[in-house]
Amino acid sequence: MIIFGGMGDLAMRKLLPALYMAYLHGNLPTPTRIISTGRQDFDREAYLAHVEANSRSFIASNNFNEKTWDGFVQLLEYVRLDVQQAPDFGALARAANPGAQRVFYLSTAPALFTTICDKLAEAGLVDPKARVVLEKPLGQDLDSAIEINEAVGKHFAESQIYRIDHYLGKETVQNLMVLRFGNSILEPLWRAPNISSVQITVAEEVGVGSRAGFYDGTGAMRDMVQNHLLQLLCIVAMEPPTSLSPDAVRDEKLKVIRSLRRFGLADIARDTVRGQYTHGVSGHQEVAGYHEEKNVPPDSKTETFVALRAHIDTWRWSKVPFYLRTGKRMQRRSSKIVVEFANPPFPLFPDMPGGVANRLVIELQPEEAIKLQIMAKQPGSGMQMQQVALNLDLQSAFQQRRAEAYERLLIDVVRGRLTHFMRRDELEAAWEWADPIIEGWSTLGEKPHPYPAGSWGPSEAFALLARDGFAWFE
Ligand code: NAP
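Residues numbered from 1 in each chain as written. Predicted model: local features only at pLDDT ≥ 70, side-chain atom pairs only at ≥ 80, totals over all residues. Heavy atoms only, no water.

Caption draft 1: Broad picture of the sheet that holds strand S11 (residues 305-310). Ordered in space as S16-S15-S14-S13-S7-S12-S11-S8-S17, the nine strands form an open sheet in which the pairing is mixed. One side of each edge strand has no neighbouring strand; the edge strands of this open sheet are strand S16 (385-392) and strand S17 (449-452). Within this sheet the neighbouring strands show an average axis-to-axis angle of 20°, counted without direction. Here strand S13 (residues 334-341) runs beside strand S14 (residues 359-365); their pairing, made up of six bridges, is antiparallel. (Pairing = 2+ DSSP bridges. Helix = DSSP H or I, 4+ residues; strand = E, 2+ residues; numbered from the N terminus. Axes fitted to C-alpha atoms, helices over the stretch in contact; angles between N-to-C directions.)

Structural data, given as structure tokens:
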């Protein structure tokens with residue numbers, strides 16, 4: 001495995017710890033070599049000291065084992081390489097074993113992807129067995145996404161390209177597919193009018209932190225909605241695939257994205273809400289507003305929050321609103337999918353509490369869990385009702401360890417399993433849907449609505465659902 005950006009934040013915090021875990025559980029082939037590249041003039045010893053100082057602490061202490069770590073470190077190497085310098089790729093080619101199965105992990109800014117792929121090919125490092133993993137963001141819009149896809153596609157066939165979206169590596173997201181397609185009780189209900197609405201929330205407690213340079217030119221729509229939230233929506237909304245082959249699954253996801261109703265200017269004004277956090281309290285601490293963050297221009301109109309109402313124009317989902325919401329500096333870190341079922345058509349029980357009787361809640365963060373809320377009779381005389389949760393307690397049903405998303409996806413790459421990675425046409429279709437919304441915001445010239453850090457976003461996001469008789473489920 002050859003990691004570009006091997007000294008970067010993602011490599012240190014996520015990739016190396018995930019590879020360590022894969023090694024710990026015997027999921028790396030023998031022999032494996034992990035070659036990190038970067039511009040710093042380090043020898044192997046200095047590189048290993050950097051890993052020790054910056055990566056090791058991201059392995060949970062209950063998984064850390066000194067002997068295993070020593071064994072894992074034996075797999076690590078470092079090659080100094082500036083991706084702009086062709087001779088540096090010669091050094092990489094000399095370090096690589098001829099004929100080995102190679103995985104190139106591009107953990108750099110996407111602006112470098114074209115150069116990296118061209119130079120890898122010139123150095124003779126790309127063969128039909130090679131695989132390439134692409135980190136997000138894959139473009140800023142449809143045109144730039146096509147540019148990246150063309151550049152990578154010049155040297156790698158689509159079946160060699162792994163576009164990573166770590167939400168697809170989450171156990172509960174994959175479990176949702178099993179829940180839907182491995183049981184016959186849910187699927188007949190999984191449609192309009194039995195389902196009245198779907199909510200997908202990805203809320204972050206953190207602010208923009210040190211990433212303002214990148215984030216201010218990107219915003220929540222490009223950073224989160226176009227990729228992570230749409231991928232989650234696809235898993236909820238897709239038709240049953242004919243098999244679990246990568247193309248069968250991805251064909252169905254693509255159909256969902258292509259069936260998303262396009263937004264005109266009036267739809268954008270009515271059905272989308274942009275927000276930007278202001279000074280507030282998060283985790284019992286006063287925190288700065290977006291405009292006060294380092295490297296954010298004082299007049300920035302970049303959104304740190306988006307809520308919108310989407311529609312999928314198919315028989316299955318006719319008139320079912322899909323509410324998507326994501327934001328930084330929200331009240332707490334929480335990602336969940338909430339499927340709300342229509343209430344019984346006739347109010348037989350006089351004491352039936354108001355609101356939604358049945359919900360399927362799929363919690364993705366901070367903990368993964370699946371709960372089905374149903375109405376039950378309270379013990380005692382009379383017919384008092386109360387909502388109770390049928391908990392799918394996967395933790396106690398399965399004693400096995402639950403791997404982190406990056407670990408699972410890296411193992412998929414090593415084993416050549418593409419199902420949980422995005423195909424080129426999916427990615428481009430997602431941009432085709434998102435681009436007009438982003439352009440529409442600019443045409444309308446609206447400023448994002450302010451919301452205090454530590455809240456659930458601007459009040460307009462609540463009104464978006466209230467108008468339809470719904471409310472965000474926290
Ligand atoms: P980062 O910390 O800035 O690391 C990027 C790396 O790129 C640096 O270590 C740098 O290595 C290397 N690089 C830059 N120019 C280079 C050149 N000319 N030649 C060789 N190497 C060069 O960024 P990151 O946070 O790890 O993110 C990497 C990618 O993953 C980005 O596309 C990001 O959007 C994406 N991503 C990151 C996260 C995250 O949590 N960090 C999450 C999702 C996606 P040297 O300075 O050592 O040369």
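There's plenty left to go through after this.
Caption draft 2: Spotlight on the site of the ligand. By nearness alone, 20 residues border the ligand, and Asp9, Leu10, Arg13, Arg39 and Thr108 come closest of all. Taking Gly8, its main chain carries an N or O atom lying 3.2 Å from an oxygen atom of the ligand. Taking Leu10, its main chain carries an N or O atom lying 2.8 Å from an oxygen atom of the ligand. Across the complex, the protein chains shield 76% of the 880 Å² of accessible surface that the ligand would expose by itself. At three residues, helix H1 (residues 9-24) tops the list of elements feeding residues into the shell around the ligand. Of the residues that constitute the shell around the ligand, the class distribution is eight nonpolar, six polar and six charged. (Near = heavy atom within 4 Å. Polar contact = N/O pair within 3.5 Å; in protein donor to acceptor, adjacent residues only side chain to side chain. Areas by Shrake-Rupley, 256 points an atom, 1.4 Å probe, with all protein chains shown as cover. Nonpolar A, V, L, I, M, F, W, Y, C, P; charged D, E, K, R; others polar.)

Caption draft 3: View of the domain arrangement of the chain. What the domain assignment reports for the chain is domain 1 (2-167) and domain 2 (170-404 + 424-466). Domain 1 and domain 2 are separated by 31 Å when their C-alpha centres are compared. At the junction of the two partners, domain 1 supplies 18 residues and domain 2 supplies 23 residues. In total, about 1900 Å² of surface goes out of reach between domain 1 and domain 2, with carbon and sulfur atoms giving 52% of it. Three residues stand out in domain 1 for area buried against domain 2, namely Lys136, Gln140 and Tyr167, and they jointly supply 39% of the buried area on that side. At the surface where domain 1 touches domain 2, the tally comes to two salt bridges. Linking Asp223 and Lys136 is a salt bridge whose minimum nitrogen-to-oxygen distance equals 3.2 Å. Scanning the region where domain 1 abuts domain 2 turns up 12 residue pairs in polar contact (both at pLDDT 80 or more). (Domains from an automatic or database assignment. Contact = heavy atoms within 4.5 Å. Buried area = accessible area lost by both parts, 1.4 Å probe. Salt bridge = Lys/Arg side-chain N within 4 Å of Asp/Glu carboxyl O.)

Caption draft 4: Focus on the environment of Asp351. Checked against the element boundaries, Asp351 lands in the loop between S13 and S14. A residue is classified by how much of its surface remains accessible, and Asp351, at 39% relative accessible area, is partly exposed. Placed 31 residues apart in sequence, Asp351 and Gly382 show a C-alpha to C-alpha distance of 9.4 Å. Here Asp351 is in contact with Met383 and Gln384, once residues within four sequence places are set aside. (Buried < 20%, exposed > 50% of the residue type's maximum accessible area, 1.4 Å probe, protein only.)

Caption draft 5: Expanded view of the packing of H1 against helix H3 (residues 66-73). Between H1 and H3, the shortest axis-to-axis distance is 10 Å and the interhelical angle comes to 110°. Our classification of the angle between H1 and H3 gives roughly perpendicular. Seen along the crossing, H1 lies across H3 with a hand that is right-handed. Contacts between H1 and H3 pair Leu16, Leu19, Tyr20, Tyr23 and Leu24 from the former with Thr68, Trp69, Gly71 and Phe72 from the latter. (Parallel < 35°, antiparallel > 145°, perpendicular 65-115°, else oblique. Left-handed = near helix turned anticlockwise from the far one by under 90°.)

Caption draft 6: Inspection of the nonpolar core at higher detail. Within the largest apolar cluster, 105 residues are counted, with the highest numbers of intra-cluster contacts made by Phe4, Phe104, Trp190, Met221, Phe322, Ile337 and Trp433. Looking at this core, the element that brings in the most residues is helix H9 (residues 219-237), giving 12 residues. Of the residues that make up this core, three or more belong to each of domain 1 (2-167) and domain 2 (170-404 + 424-466). Ignoring any residue separated from it by four or fewer positions in sequence, one finds Ile337 in contact with Leu176, Val198, Gln199, Ile200, Leu232, Val236, Leu360, Val361, Ile362 and Leu364. (Core = buried A, V, L, I, M, F, W, Y, C linked by side-chain atoms within 4.5 Å.)

Caption draft 7: Molecular detail of H3. Listed as buried for H3 are Thr68, Trp69, Gly71, Phe72 and Val73. Buried residues belonging to H3 abut H1, strand S2 (34-38), helix H2 (44-54) and strand S3 (76-80). Structurally, the start of H3 carries an N-cap: the backbone nitrogen of Lys67 is 2.9 Å from a side-chain oxygen of Asn65.

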